[in-house]
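Observations on chain architecture
Listed below, chain by chain, are the residues.
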Amino acid sequence: MELALAAFSLAPGLAVGSFLNVVAARVPRRRSVVKPASACLNCGTELEWRDNVPVISWLLLRGRCRSCGTRISALYPAVELATALLVAACVLAFGLSARMVVAAAFCAVLVAVSAIDLTHRIIPNRIVVPAAAIALAAQTVLSPSPQWALGALGASGFLFLAVLAYPAGMGMGDVKLALLMGAALGKTVGVALMLGMLLALVPAIFLLARHGSKARKMGIPFGPFLALGSVVALFFGGQLLDSYLALMS
Ligand SMILES: [Zn+2]
């Protein structure tokens, strides 16, 4: 039953992903996400419906604009596919529940923030700050506990100290993203932070090996790694935390 529901949620998931692409393209430029209709960023031609079908249009057009032939980033179908799979995973993991809605919304924000951080190297306050407030309120109402507020304060406080210690590494955007992560994940936010930092080490070591000391100036966007760690913590954080605590005792 859940599997069928998850499969049915793929289509609305793709539609949400398509909207997240609009958010990711317009919010950093401070433009409306409602109007005007989507258009090619290069030639300005408005997209017809057949060129605006999630994932499929990009594949049919082979990643190029129909009018001017300019390349369309593979990030667009990636955002749509990732959103659809995450929404389906939330349905599978949490069933049709308020918890599922919060989890899916959290995933959607993580996808949008990752896409924006990858393309613009910023994490917009206008997305993460309201999302953190809503997540905190929703989680506290759904399962009353201080863990959501403590998670938000703890995670953002931890990254704030990291920014103070090593300003070249992370930014205040990451600190505010941690606020959202803690509010949504509660006590498993530690798992998300730990995984995020471990995952970010992979490209950091690669850059260092390739470019030596110059790599210090090539900052890597940290948001997508925090988002990846958050997704793992959302679905497996409880088990990971339990097995870690069992190892320690
Ligand atoms: Zn074009």
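All of these numbers come straight from a predicted model, not from anything done at the bench.

Definitions and limits used
- Residues numbered from 1 in each chain as written.
- Predicted model: local features only at pLDDT ≥ 70, side-chain atom pairs only at ≥ 80, totals over all residues.
- Helix = DSSP H or I, 4+ residues; strand = E, 2+ residues; numbered from the N terminus.
- Buried ≥ 20, exposed ≤ 12 C-beta atoms within 10 Å, placed from the backbone.
- Expected span 1.5 Å × (residues − 1).
- Arc of directions from axis to C-beta.
- Contact = placed C-beta atoms within 7 Å.
- Core = buried A, V, L, I, M, F, W, Y, C linked by C-beta atoms within 7 Å.
- Domains from an automatic or database assignment.
- Axes fitted to C-alpha atoms, helices over the stretch in contact; angles between N-to-C directions.
- Parallel < 35°, antiparallel > 145°, perpendicular 65-115°, else oblique.
- Left-handed = near helix turned anticlockwise from the far one by under 90°.
- Nonpolar A, V, L, I, M, F, W, Y, C, P; charged D, E, K, R; others polar.

Each helix and strand in the protein was counted, giving ten helices and zero strands. Counting helices and strands in the order they occur from the N terminus, the protein gives α-α-α-α-α-α-α-α-α-α. C-alpha atoms of the protein, sized along the principal axes, occupy 60 × 55 × 30 Å. With 249 residues in all, the protein has 37% of them scored as buried.

Its 19 residues place the ends of helix α7 (residues 147-165) 26 Å apart at the C-alpha level, agreeing with the 27 Å of an ideal helix rising 1.5 Å per residue. Every buried residue belonging to α7 is among Trp 148, Gly 151, Ala 152, Ala 155, Ser 156 and Leu 159, and all of these are buried. Buried residues along α7 cover an arc of 105 degrees about the axis, so they all sit on one side. Relative to its buried face, α7 has exposed residues pointing more than 90 degrees away, namely Leu 161, Leu 164 and Ala 165. As for α7, its buried residues are in contact with α6 (125-142), α8 (172-185) and α9 (189-211).

All right, on to the environment of Gly 157 then. On the secondary structure map, Gly 157 appears in helix α7. Taking the C-alpha atoms as reference points, Gly 157 and Phe 225, separated by 68 residues in sequence, lie 18 Å from one another.

Residues Cys 107, Val 111, Ala 112, Val 113, Leu 180 and Met 181 are the most contacted members of the largest nonpolar core, which totals 63 residues. When contributions to this core are tallied by element, the ones reaching two or more residues are α2 (10-26), α4 (75-94), α5 (98-120), α6, α7, α8, α9 and α10 (223-248). Of all the elements, α5 adds the most residues to this core, at 13 residues. Counting contributing residues per domain, this core is built from domain 1 (1-94) and domain 2 (97-249), each supplying no fewer than three. Excluding residues within four positions of it along the chain, Cys 107 makes contact with Leu 86, Val 87, Cys 90 and Val 231.

Assigned domains within the protein: domain 1 (1-94) and domain 2 (97-249). When each unit is reduced to the centre of its C-alpha atoms, the spacing between domain 1 and domain 2 is 24 Å. With 17 residues of domain 1 at the contact, the number on the domain 2 side is 20 residues. A total of eleven residues in the side of domain 1 that touches domain 2 trace back to one element, the largest contributor, which is α4.

Moving on, we get to the packing of α5 against α10. Packing of α5 against α10 leaves a shortest axis separation of 8 Å and a crossing angle of 160 degrees. One way to sum up the angle between α5 and α10 is to call them roughly antiparallel. Here the hand of the crossing between α5 and α10 comes out left-handed. Packed against α5, whose contacting residues are Ala 103, Phe 106, Cys 107, Leu 110, Val 113, Ser 114, Asp 117 and Leu 118, the element α10 presents Gly 223, Pro 224, Ala 227, Ser 230, Val 231 and Leu 234 at the interface. Here the residues of the contact of α5 with α10 sort into ten nonpolar, three polar and one charged.

Contact pair α2 / α4: the axes reach a minimum separation of 7 Å and the direction vectors enclose 135 degrees. On the basis of the axis angle, α2 is oblique to α4. Here the hand of the crossing between α2 and α4 comes out right-handed. Across from Leu 10, Gly 13, Leu 14, Val 16, Gly 17, Ser 18, Leu 20, Asn 21 and Ala 24 in α2, the residues of α4 making contact are Tyr 76, Val 79, Glu 80, Ala 82, Thr 83, Ala 84, Val 87 and Ala 88. Per-class residue counts for the contact of α2 with α4 are eleven nonpolar, five polar and one charged.

To continue, consider unusual backbone geometry. Following Lys 35, the chain continues into Pro 36 via a peptide bond in cis, with omega recorded as -10 degrees. Looking at the secondary structure, you find Pro 36 in the loop between α2 and α3 (56-60). The phi dihedral of Arg 62 falls on the positive side, at around 50 degrees, and the residue is not glycine. Along the chain, Arg 62 turns up in the loop between α3 and α4. For Arg 121, which is not glycine, the phi dihedral falls at a positive 60 degrees.

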